[in-house]
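What follows is each chain in one-letter form.
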Amino acid sequence: MNIKLLLNLCIIISIIKLINTSQVIFNDQIGCIKTPCQWGTASNWIGGVLPKSGDNVIIDIGSKSVVVVDLNTIKDITFGSLEISSNINVINQNSVTGTISNVILNGNLNINCQFVGLSNVTGSGVIGFTYENVSNPSSSPYGTISSSNFKTLNIIGLVNVEISNSKIIEIIQSNLDGETQFAQQPTVSFFGENTIGSIQLVETGIYFKSGSILTLNGPDISNFGKKVNESNSSSSSSSSSSSSTPASSSSSSSNNNNNNINLDNQISIINTKINSVSSLSLLSTSKLLLKSSIINSNINGVGGSIALSGLNTIDGNLDISGTSLLIQSDHIQTNIEESLSIGPQTTLNTVGNGSPLITVSDNTILNGGLSIILNSEPTNNKKYTIIKSIGGLSGNFSSFSFQIKNEDVDTSLFSISTENGAYTLTYGVPDDSSTSTIILNYLLLLSLLLIPMFLI
């Protein structure tokens, strides 16, 4: 094959690519401000041709202009790219499921429907998930975001959102019309490896699916899981504005550099690694489940409860002197790399035979009440090591209670030891064989004393 023929083939291939991958531009000469324009009207596109798979689509008709598209129209289109610099509203009149991919977002993309997935979204724009008409909340109106990197996610109304392998600068959630409570609890779920800046959520369950890695690196994550009516005024005002303009951005995260998380709802952290956080604070209604996870921060408790299950590592201080602690299984261990302070109530559910339930690299302060739940009868001289604190123990539990499956067990036979930085419970019953031996030895000694008397 000569060089001339090879060059001709390359030219033909390039022409075919240009034919199959064209640039389709929305007409910026039509008015879409007072009345939104329709994506599906061919005359709204330059050249009068609707976008198809492989096209590079550009919608840049001004920041106040709106284009409406039904998901059914674009769900089967694989865009070469979809560049949005204006406002796009996606509706779903037929309740189909579809994914919008390869979006370059420098405007606003508002998803006002169910069952929409977004993939490979990049840019400095705003995504808004809004759903107003929930006939059956249990059917889980939802949206998914995967493999994306953009500025702002607004979640408005009863919408469940799953985020995977993405970077988002800020996530803001609000109820419709600025209300502060939902009839049912929506959820935000994280899966895979995500990096998030500021987070403000309203009455929301937050779930970290197995294998998640969440890195929080924004200037303000103090509203993570916090109710709007308990947030500062700037956060509340940003929530109200976002509810009136579904895909508007917010700057609620500009005033706080504490890098703290306030948990005030039901939070489940399962098989997850959380990075770059100064502290997690449990507020009055917090319910934190920590299972088989790594938390690279301090955890502070001023209320609520924390439940530990599985093998956990807390790379910081665990100060839950105002929070109830539940340890749920004997097959667990929590490693605390710094200090531990506990109270007002610690409950150990099914204490077992393994290594210490909690190991502490620094000191431990005990406080409040301790409840022990045993599902099997303890054997004689059985030891239960609750805490092993390398830096030593101080304080003590002010009260004890036991729940034992066998009601015949005498709980008064439990003794406490705090030697060598270990808080250990030992169950002890006098050994009958040992008692008999003592009696026999006593009788033998007495007989040896009496024999000389009879010999005289």
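See the structure printed just above.
Residues numbered from 1 in each chain as written. Predicted model: local features only at pLDDT ≥ 70, side-chain atom pairs only at ≥ 80, totals over all residues. Heavy atoms only, no water.

(A) Focus on the pairing of strand β27 (residues 311-314). Because side chains alternate across β27, one face comprises the buried residues Asn312 and Ile314, and the other comprises Leu311 and Thr313, none of which is buried. Sheet topology places strand β24 (residues 294-295) next to β27; 2 bridges connect them, and they run parallel. Pairing of isoleucine 294 across the sheet is with threonine 313, part of β27. Where β27 and strand β30 (residues 333-336) come together, 4 bridges link them in parallel fashion. Considered in β30, the bridge of leucine 311 is made with glutamine 333. (Buried < 20%, exposed > 50% of the residue type's maximum accessible area, 1.4 Å probe, protein only. Helix = DSSP H or I, 4+ residues; strand = E, 2+ residues; numbered from the N terminus. Pairing = 2+ DSSP bridges.)

(B) Structural context of the environment of proline 51. Relative to the helices and strands, proline 51 resides in the loop between β2 (37-38) and β3 (56-59). As for proline 51 and phenylalanine 79, which are separated by 28 residues in sequence, their C-alpha atoms are 8.4 Å apart. What proline 51 contacts, discounting residues up to four positions off in sequence, is Val24, Trp39, Trp45, Val57, Ile77 and Phe79. (Contact = heavy atoms within 4.5 Å.)

(C) View of the side chain of serine 189. Looking at the element boundaries, serine 189 is found in strand β15 (residues 187-191). Using a relative accessible area of 10% as the deciding quantity, one classes serine 189 as buried. When neighbours within four sequence positions are excluded, serine 189 is seen to be in contact with Val161, Glu162, Ile163, Tyr207 and Lys209.

(D) Up close: the pairing of strand β14 (residues 167-174). Of all 8 residues that make up β14, 6 are buried, and the element is covered over most of its length. Bridge count between strand β12 (residues 149-157) and β14: 7 bridges; the pairing is parallel. Directly across from asparagine 154, in β14, lies its bridge partner isoleucine 172. Sheet topology note: the β14/strand β16 (residues 193-200) ladder contains 5 bridges and is parallel. Counted as the bridge partner of isoleucine 168 is isoleucine 196 from β16.

(E) Up close: the packing of aromatic side chains. Per the stated rule, a full pass over the model turns up 5 aromatic pairs. With a centroid separation of 6.0 Å and 65 degrees between ring planes, the pair formed by tryptophan 39 and phenylalanine 79 is classed as edge-to-face. Here tryptophan 39 is found in the loop between β2 and β3, whereas its partner phenylalanine 79 is found in the loop between α2 (71-74) and β5 (81-84), with 40 residues between them in sequence. Three or more aromatic residues joined by ring pairs make a cluster, and in this case those are Phe26, Trp39, Trp45 and Phe79. Here the guanidinium or amino end of lysine 382 rests over the ring plane of tyrosine 384, the centre of that ring lying 5.5 Å away. (Phe/Tyr/Trp six-rings, centres within 6.5 Å; stacked < 30°, edge-to-face > 60°. Lys NZ or Arg CZ within 6 Å of the ring centre and 35° of its normal.)

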